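Breakdown of the fold
Residues per chain, in single letters:
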Amino acid sequence: MRVLVTGGAGYIGTHTVVELLGQGHEVAIIDNFDNGSPVALDRVRELTNGPMEVHEADVRDTGRITRIAQDFRPDAVIHFAGLKAVGESTQKPVEYYDVNVAGSLSLLRAMEASDCGRIIFSSTATVYGEPEYLPYDEAHPIRPISPYAHSKVMVEQVLNDWAAASDGRAALNLRYFNPVGAHPSGRIGEDPNGVPNNLMPFLAQVATGARDRLRVFGEDYDTRDGTGIRDYIHVVDLARAHVAALDRAAATSGAEVYNIGTGQGYSVREMHAAFSRVVGRDLPIEIVARRAGDVAEMSADCSLARERMGWQARLGLDDMVESVWNWQSANPHGYRGSDAE
Ligand code: UDP
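Overview of the structure. (Residues numbered from 1 in each chain as written. Predicted model: local features only at pLDDT ≥ 70, side-chain atom pairs only at ≥ 80, totals over all residues. Heavy atoms only, no water.)

Points about the nonpolar core
Note the cut-off: In this text, buried Ala, Val, Leu, Ile, Met, Phe, Trp, Tyr and Cys residues form a nonpolar core when linked through side-chain atoms within 4.5 Å. Only protein chains enter the area calculation, which uses a 1.4 Å probe; residues under 20% of their type maximum are buried, those over 50% are exposed, and those in between are partly exposed. Helix and strand assignments follow DSSP, with helices taken as H or I runs no shorter than four residues and strands as E runs no shorter than two, numbered in order from the N terminus. Throughout, a contact is declared for two residues whenever any of their heavy atoms are within 4.5 Å.
The biggest cluster of nonpolar side chains holds 45 residues, and the ones touching the most others in it are Leu174, Ile260 and Met309. A per-element tally of this core places helix 8 (residues 235-251) first, with 9 residues. Look past the residues within four positions of Met309 in its chain and what remains in contact with it is Leu172, Leu174, Ala241, Ala244, Ala245, Arg248, Tyr258, Ile260 and Leu304. Judged by nonpolar contacts, the second largest core, of 24 residues, contains Val59, Ile68, Ala69 and Leu159.

Here's the deal with the packing of aromatic side chains
Inclusion rule: Pairing of aromatic side chains here covers Phe, Tyr and the six-membered ring of Trp, requires ring centres within 6.5 Å, and sorts the geometry by plane angle: under 30 degrees stacked, over 60 edge-to-face, intermediate tilted. A ring is scored as having a charge over it whenever the NZ atom of a lysine or the CZ atom of an arginine sits within 6 Å of its centre and within 35 degrees of its normal.
The final tally for this structure, using the stated rule, is 4 aromatic pairs. Plain terms: the ring middles of Tyr128 and Tyr136 are 4.6 Å apart, the flat faces sit at 20 degrees to each other, and that makes the pair stacked. Take Tyr128: its relative accessible area is 0%, and that puts it in the buried class. When the centroid spacing of 5.1 Å and the interplanar angle of 55 degrees are considered together, the rings of Trp327 and Tyr335 count as tilted. Each member of the pair, Trp327 as well as Tyr335, is classed as buried. Members of the aromatic cluster, joined through ring pairs, are Tyr128, Tyr136 and Phe177. Directly above the ring of Phe72 sits Arg2, whose terminal nitrogen or CZ lies 4.4 Å from the centroid. One cation-aromatic arrangement involves Arg290 over Tyr221; the distance from NZ or CZ to the ring centre is 4.0 Å.

Here we look at the packing of helix 9 (residues 268-279) against helix 11 (residues 317-330)
What counts, and what does not: Convention adopted: a line fitted to C-alpha atoms gives each axis, helices being fitted over their contacting stretch, and angles between N-to-C directions are expressed from 0 to 180 degrees. Between 65 and 115 degrees an angle is taken as roughly perpendicular, under 35 as roughly parallel, over 145 as roughly antiparallel, and anywhere else as oblique. Each crossing gets its hand from how the near helix is turned against the far one by less than a right angle, where anticlockwise is left-handed and clockwise is right-handed. When residues are sorted by character, Ala, Val, Leu, Ile, Met, Phe, Trp, Tyr, Cys and Pro go into the nonpolar class, Asp, Glu, Lys and Arg into the charged class, and all the rest, Gly among them, into the polar class.
Put simply, helix 9 and helix 11 touch, their axes get as near as 9 Å, and they point 55 degrees apart. Classified by the angle between their axes, helix 9 and helix 11 sit oblique to one another. By crossing handedness, the relation of helix 9 to helix 11 is classed as right-handed. On helix 11, the residues touching Met271, Ala274, Phe275, Arg277, Val278 and Val279 of helix 9 are Leu317, Asp318, Val321, Glu322, Val324 and Trp325. Of the residues contributing to the contact of helix 9 with helix 11, the split by class is 9 nonpolar, no polar and 3 charged.

Observations regarding the packing of helix 1 (residues 11-22) against helix 2 (residues 38-47)
Angle between the axes and distance between the axes: these two values describe a pair of packed helices. Running from N to C, helix 1 and helix 2 point in directions that differ by 25 degrees, and their axes come no closer than 10 Å. Regarding the angle of helix 1 to helix 2, the classification is roughly parallel. The two elements helix 1 and helix 2 meet at a crossing, and its hand is right-handed. Contacts between helix 1 and helix 2 involve Thr14, Val17, Val18 and Leu21 on the former and, on the latter, Ala40, Leu41, Val44 and Leu47. Here the contact of helix 1 with helix 2 is built from residues that sort into 7 nonpolar, 1 polar and no charged.

Here we look at the side chain of Ser323
Inclusion rule: We define a polar contact as two N or O atoms separated by no more than 3.5 Å, with the added condition that, inside protein, one atom must be a possible hydrogen donor and the other a possible acceptor, whereas residues neighbouring each other in sequence contribute only through side-chain atom pairs.
As for its placement among the helices and strands, Ser323 is situated in helix 11. Engagement of the side chain of Ser323 in a polar contact is seen with the backbone nitrogen of Ala182, the distance being 3.1 Å. What Ser323 contacts, discounting residues up to four positions off in sequence, is Gly181, Ala182 and His234.

Below is the structure:
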């Protein structure tokens, strides 16, 4: 298939493009390089030799992305481009709604102008909010807390209406749990701007010595060891979910929603222990107060994705932590430094 990938230079985007090219798809990337790197795409080219074109453009630039879509004529779009930091979204709500919601509307206009009727959208498990029961299934009530989560709910709603408005359209909303890990080559991985918000990239920077210790946000939760539990999913498994979703979108119509996780939760202490094991020393930690907005536990029921898309996660905790350390130790400064300079 011809697949237009927005945000293709980012963490999940690059891993997905590698899988798409490996499966024989043709790819056109749109990225404004706000939180992605051209070096990452050089590395994707190194790992694969499939057809890939790259356009530096903002998804909100409807005229520009319409021309790109009309030239490329995609069979489907995978829409990653967006802002993703929960905490930052409470400081900059207008920016978040503009990029995430207005950006998605702009993309739909470009798709309509190029007769493309299939979209796979990066949604998030944070749309569920405080759990009424666990694991969350797709029928769990939606109660977003942050502007970030609200922006994703809004786009899901737009896609539901867009898919229902015309025969033959398909929109798949993939609700990601906690993506971690890196490509086994160690050439691409997560490279956050500034201080990492998320647990795994923070731990990785403690391991390289770039940060002095991990601050554990609370050990008084009602969980098996008092620290927060999340459903971490290897980014390569997540990338493969998008390849499976393309086939599903070609075979169905209307809007669908899928949880994308493993079904297995790990606590902060368990992640810290696993990472320390891989690095070969006990990484320093400090217990601090809870972080506002965090829930005690999240985990996914992913049976719908297995039944309808034939997809399930295959990589476990060891693959996650080993691949992160493989990437971070070879690229201590991410894409800045090493062969970028
Ligand atoms: N966490 C932590 N210290 C950090 C970052 C995260 O203790 O520096 C905890 C956080 O409270 C949560 C888990 O690690 O229980 C995963 O947090 P992350 O930000 O990676 O994901 P999210 O909160 O989006 O699920």
